[in-house]
Amino acid sequence: MKIAMLARNANLYSHRRLKEAAEERGHQLDILNTLRCTVHIASHRPEVFYNGEPAESYDAVIPRIGASITQYGLSILRQFEMRGTWSLNESVAIGRSRDKLRSMQILAKYGLGLPLTAYANDPKQAEEIIRAVKGPPVVIKLLEGTQGIGVVLAETMSSAKSVIEAFRGANVNILVQEFIKEAGGTDIRALVVGGKVVASMKRTGAPDDFRSNLHRGGSAQLIKITPAERSTAVSAAKRMGLNVCGVDMLRSNHGPVIMEVNSSPGLEGIEKATEKDIAGQIIDFMVAHAQAGKTKTKGAG
């Protein structure tokens, strides 16, 4: 197979591992810097150019689109899809996952476990939405934050209102969620590939930090998840339309609650914690399922 990966940094662990896994299996994988791709739009001729030249024809594409360039990256991915290139995760599904509010609305529609979540535009409604999630304390999140950036724990009504008013004063969209105290600063990352949980780990936050992201100094260890957690992760991936994703959950008093569905999960922490060849499993899934023109949405929607 000829595979393209859309990624800005070819040296990241996850990207190196996917390239190694593909080449070990006899496939060609080219890493294309997403920002060096351009689209030429003409009727019935969707074209992608790379470094000013027409891009090669690929059997499949792996989108590893950074959160800071989501919209540009999705426009490039849509163009590949419109050319008939099979995508590991489709543009529409990635777009859903990157919008925290939309993803929560989709998951809630299908009855999956979530923390109480509220959203409002007017900072004068701050107290209303804080009480709606049974706070304080509450967790305040940027709608488009990632890796724990833009996540604040506000422990009092006055501090929560101040944070909300500050964000909204800067015209930044936020969610307010209930604080799951019993999780104790840990969460679970379940990695789903092709409708199956292939690995899971427990992440523990750095001292004095309620966030458990590994990028924030947290640590990871192998964990055996419960049937309910496994079912929740698989259902979340299905409802979001993602073939590969990391589903982040907290263990609450009323079962697993989903914090985020990550459409470009990092592989370093989970491969080292579980000692599993996750990159290889992703490539094997692609080889088994990639067919020209077989994307569900074909870049539409």
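Residues numbered from 1 in each chain as written. Predicted model: local features only at pLDDT ≥ 70, side-chain atom pairs only at ≥ 80, totals over all residues. Heavy atoms only, no water.

Details of helix 3 (residues 91–98)
Burial runs high along helix 3: six of the eight residues are buried. Among the residues of helix 3, those classed as buried are Ser-91, Val-92, Ala-93, Ile-94, Ser-97 and Arg-98. Considering only its buried residues, helix 3 is in contact with strand 6 (60–63), helix 2 (70–82), helix 4 (100–109), helix 7 (227–240) and strand 16 (255–262). (Buried < 20%, exposed > 50% of the residue type's maximum accessible area, 1.4 Å probe, protein only. Helix = DSSP H or I, 4+ residues; strand = E, 2+ residues; numbered from the N terminus. Contact = heavy atoms within 4.5 Å.)

With respect to the sheet that holds strand 14 (residues 219–222)
Spatially, 14-13-12-15-16 is the arrangement adopted by the five strands of the open sheet, whose pairing is antiparallel. The open sheet has two free edges, formed respectively by strand 14 and strand 16, since each of these has just one partner strand. Averaged over all pairs of adjacent strands, the angle between strand axes in this sheet comes to 30°, irrespective of strand direction. In this structure, strand 15 (residues 244–252) lies alongside strand 16, joined through seven bridges in antiparallel fashion. Its bridge partner being in strand 16, Arg-251 is matched across the sheet by Pro-256. (Pairing = 2+ DSSP bridges. Axes fitted to C-alpha atoms, helices over the stretch in contact; angles between N-to-C directions.)

A closer look at the packing of helix 3 against helix 4
Here helix 3 crosses helix 4 at 100°, and the two axes come no closer than 5 Å. Taken as axis vectors, helix 3 and helix 4 run roughly perpendicular relative to one another. Where helix 3 approaches helix 4, its residues Arg-96, Ser-97 and Arg-98 are matched on the opposing element by Lys-100, Arg-102, Ser-103 and Ile-106. Its residues assigned to classes, the contact of helix 3 with helix 4 shows one nonpolar, two polar and four charged. (Parallel < 35°, antiparallel > 145°, perpendicular 65-115°, else oblique. Nonpolar A, V, L, I, M, F, W, Y, C, P; charged D, E, K, R; others polar.)

As for the packing of aromatic side chains
Within a pair of aromatic rings, the relevant descriptors are the distance that separates the centres and the angle that separates the planes. Overall, the coordinates contain one aromatic pair when judged by the stated rule. Here the aromatic rings of Trp-86 and Phe-285 are separated by 6.3 Å at their centres, their planes lie at 50°, and the arrangement is tilted. In this pair, Trp-86 sits in strand 7 (residues 86–87) while Phe-285 sits in helix 9 (residues 278–289), placing the two residues 199 residues apart along the sequence. Classification of Trp-86 by relative accessible area gives buried; the value is 6%. A relative accessible area of 11% means that Phe-285 is categorised as buried. Across from the ring centre of Tyr-58, 5.6 Å away, lies the NZ or CZ of Lys-2, which sits over that ring. The ring of Tyr-110 has Arg-239 lying over it, and the distance from NZ or CZ to the ring centre is 4.0 Å. (Phe/Tyr/Trp six-rings, centres within 6.5 Å; stacked < 30°, edge-to-face > 60°. Lys NZ or Arg CZ within 6 Å of the ring centre and 35° of its normal.)

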